[in-house]
Amino acid sequence: MRRSGFRRTCTAVMASALALTGVAACGLDNEDAAGGKTRITVNCMPPKSAKIDRRSFEDDIKAFEKTHPDIDVVGHDAFPCQDPKTFDAKLAGGQMEDVFYTYFTDAGHVVDINQAADITSYVKDMNGYNDIHQSLRDVYTVDGKVYGVPRTNYSMGLLYNRKLFRLAGLDPDKPPATWEEVRAAAKKIADLGEGRVGYADYSAQNQGGWHFTAEMYSQGGDIVSTDGKKAKVDSPEGKAVLQNLKDMRWSDNSMGSKQLLILNDVQQMMGSGKLGMYLAAPDNVPILVKEKGGSYEDLALAPMPGGKGTLIGGDGYMFSKKASPQQIEAGLKWLEFQTNAPGTGLNNWQRASEVKAPVGLPEPRLWTGATDAKDQALKKRYANVPVGNYQAFLDGSRQLTAKLEPPKAQQIYSVLDGAVSSVLTRKDADIDRLLADAQSKIDGILARG
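Just so it is clear, the structure is predicted and the values come from calculations on it, not from any experiment.

Focus: the pattern of salt bridges
Inference 1: Counted under the stated rule, the structure contains 19 salt bridges.
Inference 2: Here R54 and D77 are joined by a salt bridge, their closest N and O atoms 2.8 Å apart. Of this pair, R54 sits in helix α1 (residues 51-67) while D77 sits in strand β2 (residues 71-77), and the two are 23 residues apart along the sequence.
Inference 3: For R54, a relative accessible area of 10% corresponds to the buried category.
Inference 4: Residues R426 and D428 are paired through a salt bridge, measuring 3.7 Å at the closest nitrogen-oxygen approach.
Inference 5: Each of the salt bridges in this network shares a partner with another, and the network as a whole consists of R54, E58 and D77.

Here it is, written out as structure tokens:
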């Protein structure tokens with residue numbers, strides 16, 4: 001599951017991410033453009049409705065083609081970058097772009113169905129590739145072969161409203177560090193009345209299962225066993241997650257009466273100033289400000305409560321099985337410019353600041369070494385958000401165990417949605433039975449391979 005949308009200068013909702021369902025595709029007479037150029041199709045171009053982001057992407061194509069006159073980049077746009085309803089169909093039908101967007105959790109699947117090009121022999125010549133964190137490169141490495149390039153990564157935290165904290169007598173500079181403290185703070189905020197909600201959580205469209213996973217990780221639990229063959233949700237940690245939600249919903253009345261919420265619902269609540277806390281990644285912040293009425297001054301981010309773990313994820317690009325060697329080489333040069341170099345493309349912090357896109361949000365670092373140092377220096381120079389509001393997140397997240405989403409994530413999240421929605425909509429929900437049922441269903445999903 002992705003957090004939300006266009007990364008960095010691109011700030012539409014992505015929990016998660018932008019993919020495109022543009023019509024034309026790779027392999028359909030698209031290798032050679034007029035004049036002997038190598039033509040590549042690339043998805044995840046911002047839609048026309050995102051005017052600033054669209055213009056930036058188009059400017060990047062022009063700048064890239066000026067320095068690479070032998071390459072013709074054709075962007076395909078839509079929203080989101082990857083629609084789960086059409087992703088597999090496009091892959092199976094050979095309609096995927098030459099360079100196409102994927103979540104981290106897609107990599108193994110795309111390779112398994114033989115729809116990704118092996119770029120091992122090409123990526124060694126890509127500037128900056130070896131500076132990407134090894135753990136992120138490993139996501140796109142299967143059986144020792146490289147099939148993709150990471151674009152961005154994220155980790156979850158506790159997003160909260162500093163203004164409501166002050167109104168409730170809470171210290172906004174000391175956010176909750178445990179789930180017990182979250183519960184206590186949520187009740188104080190809800191007790192302010194006037195429709196205020198202390199804590200909100202997703203419970204529909206697989207998003208409830210996604211957050212259940214994040215909450216499990218925060219308490220040291222796991223969704224599946226290390227070998228990926230058995231579920232581990234029917235556990236003390238799983239029971240603690242559901243019991244805490246049930247207690248806040250029914251005993252404390254701190255989660256409001258409206259449930260079966262999804263990302264947009266919760267963002268609307270936070271942007272309107274009626275919500276105290278919810279789990280999110282840093283890129284929710286600009287969405288709340290630009291689209292939902294929030295302010296950078298009121299919003300802050302803390303590490304995941306519980307102190308044991310945090311869910312991480314991210315995205316990147318893979319290459320169509322039909323892409324020619326020339327297209328792979330051209331695609332890697334495009335990614336080198338657009339996603340993998342400080343100061344250009346999505347990492348052009350000066351441009352981002354000039355168009356009033358947020359600079360200085362606490363996103364996890366993609367690179368190491370000199371590349372990271374250059375990127376951090378540019379971010380600091382052009383920062384235009386109150387970076388102090390995120391210091392707790394930066395400091396605390398380093399102490400947490402980072403865990404990727406489980407295998408078969410979307411199928412598992414669908415099962416867990418039922419458990420989360422039950423405790424939030426039924427006062428008499430039987431937690432033990434819900435977890436046993438979820439355990440059995442997930443075991444079945446994993447057994448099918």
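Remarks on the environment of E194
Inference 1: Summarising the element assignment, E194 is placed in the loop between α7 (179-190) and β8 (197-199).
Inference 2: Accessibility expressed as a relative area gives 61% for E194, which makes it exposed.

Details of the sheet that holds strand β9 (residues 275-280)
Inference 1: The four strands are arranged β8-β9-β7-β10 in an open sheet whose pairing can be described as mixed. Of all the strands in the sheet, the pair left with one neighbour each is β8 and β10 (299-303). Averaged over all adjacent pairs, the angle separating strand axes in this sheet is 25 degrees, with direction ignored.
Inference 2: Pairing of β8 with β9 involves two bridges; the strand directions are parallel. Bridged to Y199 within β9 is M277.
Inference 3: Against the sheet, α7 touches β7 (157-161), β8 and β9, its axis set at about 175 degrees to β8.
Inference 4: On top of the sheet, helix α10 (residues 263-271) reaches β7, β8, β9 and β10; it is set at about 140 degrees to β9, its chief contact.

Focus: helix α16 (residues 409-425)
Inference 1: Under the 1.5 Å per step criterion, the end-to-end length of α16 is 24 Å for 17 residues, consistent within 8% with the ideal 24 Å.
Inference 2: Of all the bends found along α16, the most pronounced is centred on V415 and spans about 25 degrees.
Inference 3: For α16, the tally of buried residues reaches twelve of 17 residues, placing the bulk of the element in the interior.
Inference 4: Three or more residues of α16 are buried, namely A409, I412, Y413, V415, L416, D417, A419, V420, S421, S422, V423 and L424.
Inference 5: Buried residues along α16 sit in contact with α8 (207-218), α9 (236-251), β11 (309-319) and α17 (431-447).

Thoughts on the state of the cysteines
Inference 1: Summed over all chains, the structure comprises one disulfide.
Inference 2: Between the sulfur atoms of C44 and its disulfide partner C81 the distance amounts to 1.9 Å. Across the S-S bond linking C44 and C81, the dihedral sits near 70 degrees, which makes this disulfide right-handed. Residue C44 is located in strand β1 (residues 38-45), and its partner C81 is located in the loop between β2 and α2 (84-92); the two are separated by 37 residues in the primary sequence.
Inference 3: Of the residues examined, C44 reaches a relative accessible area of 3% and is grouped as buried.

A look at the packing of α7 against α9
Inference 1: Direction vectors running N to C along α7 and α9 enclose 15 degrees, while the axes themselves pass 11 Å from each other. One element, α7, and the other, α9, form an angle in the roughly parallel class. The way α7 lies across α9 gives a crossing that is right-handed. Across the interface between the two elements, W179, R183 and A186 of α7 pack against N244, D247, M248 and S251 of α9.
Inference 2: Of the residues belonging to the contact of α7 with α9, the class tally is three nonpolar, two polar and two charged.

With respect to the confidence of the model for the protein chain
Reading predicted coordinates in detail is not appropriate for stretches of low pLDDT.
Inference 1: Overall, the predicted model of the protein chain reaches an average pLDDT of 91, with 92% of residues at or above 70.
Inference 2: Counted against residues more than four places away or in other chains, residues 2-31, with its pLDDT under 50, gives 160 contacts.

Brief notes about the nonpolar core
Inference 1: Y199, F212, I223, L245, M277, Y278 and I442 are the most contacted members of the largest nonpolar core, which has 74 residues in total.
Inference 2: Per-element accounting of this core gives the leading share, nine residues, to α16.
Inference 3: In terms of nonpolar packing, the next biggest core, distinct from the first, is built from 48 residues, V42, V110, V142 and I328 among them.

Some words on the side chain of N340
Inference 1: If you trace the backbone, N340 turns up in the loop between α12 (325-338) and α13 (349-354).
Inference 2: Of note is the side chain of N340, whose polar atom sits 3.5 Å from the backbone oxygen of G128.
Inference 3: Among the polar contacts listed, one links the side chain of N340 to the side chain of W367, at a separation of 2.7 Å.
Inference 4: Leaving out residues up to four positions away in the same chain, N340 has contacts with M126, N127, G128, Y129, I132, L335, N347, L366 and W367.

Analysis parameters
- Per-chain numbering applies: the sequence of each chain, read as written, is numbered from 1 onward.
- Whole-chain, interface and lining totals are the exception, using all residues; otherwise, since this is a predicted model, local features are given only for residues with pLDDT of at least 70 and side-chain atom pairs are given and counted only at 80 or more.
- Heavy atoms from the whole structure form the basis of all side-chain values; hydrogens and water molecules are not counted.
- Whenever Lys or Arg places a side-chain nitrogen within 4 Å of a carboxyl oxygen from Asp or Glu, that contact is recorded as a salt bridge.
- Put simply, DSSP H or I for four residues or longer makes a helix, DSSP E for two residues or longer makes a strand, and each gets a number counted from the N terminus.
- Here's how the labels work: a residue is buried when its accessible area is under 20% of the maximum for its type, exposed when over 50%, partly exposed in between, all with a 1.4 Å probe on protein chains only.
- Pairing between strands is defined by DSSP: at least two bridges between them are needed.
- Axis angles are defined between N-to-C directions and span 0 to 180 degrees, where every axis is a line fitted to C-alpha atoms and, for a helix, only to the segment in contact.
- Throughout, a residue-residue contact means that at least one pair of heavy atoms, one from each residue, lies within 4.5 Å.
- Each helix should span, by expectation, one fewer than its residue count multiplied by 1.5 Å.
- By definition, a residue's bend is the angle between the axes fitted to the seven residues ending there and the seven starting there.
- Count a disulfide wherever a pair of cysteine sulfur atoms falls within 2.5 Å.
- Should an angle fall under 35 degrees it is taken as roughly parallel, and over 145 as roughly antiparallel, whereas 65 to 115 is taken as roughly perpendicular and any remaining angle as oblique.
- Two helices that cross are described as forming a left-handed crossing if the nearer one is turned anticlockwise from the farther one by less than a right angle, and a right-handed crossing if clockwise.
- Classification used: nonpolar for Ala, Val, Leu, Ile, Met, Phe, Trp, Tyr, Cys and Pro, charged for Asp, Glu, Lys and Arg, polar for all others including Gly.
- For every residue, the predictor states its confidence as a pLDDT score lying anywhere from 0 to 100.
- In this text, buried Ala, Val, Leu, Ile, Met, Phe, Trp, Tyr and Cys residues form a nonpolar core when linked through side-chain atoms within 4.5 Å.
- Under the rule applied, a polar contact is a pair of N or O atoms within 3.5 Å (in protein, one hydrogen donor and one hydrogen acceptor; residues adjacent in sequence only if both atoms are side-chain atoms).

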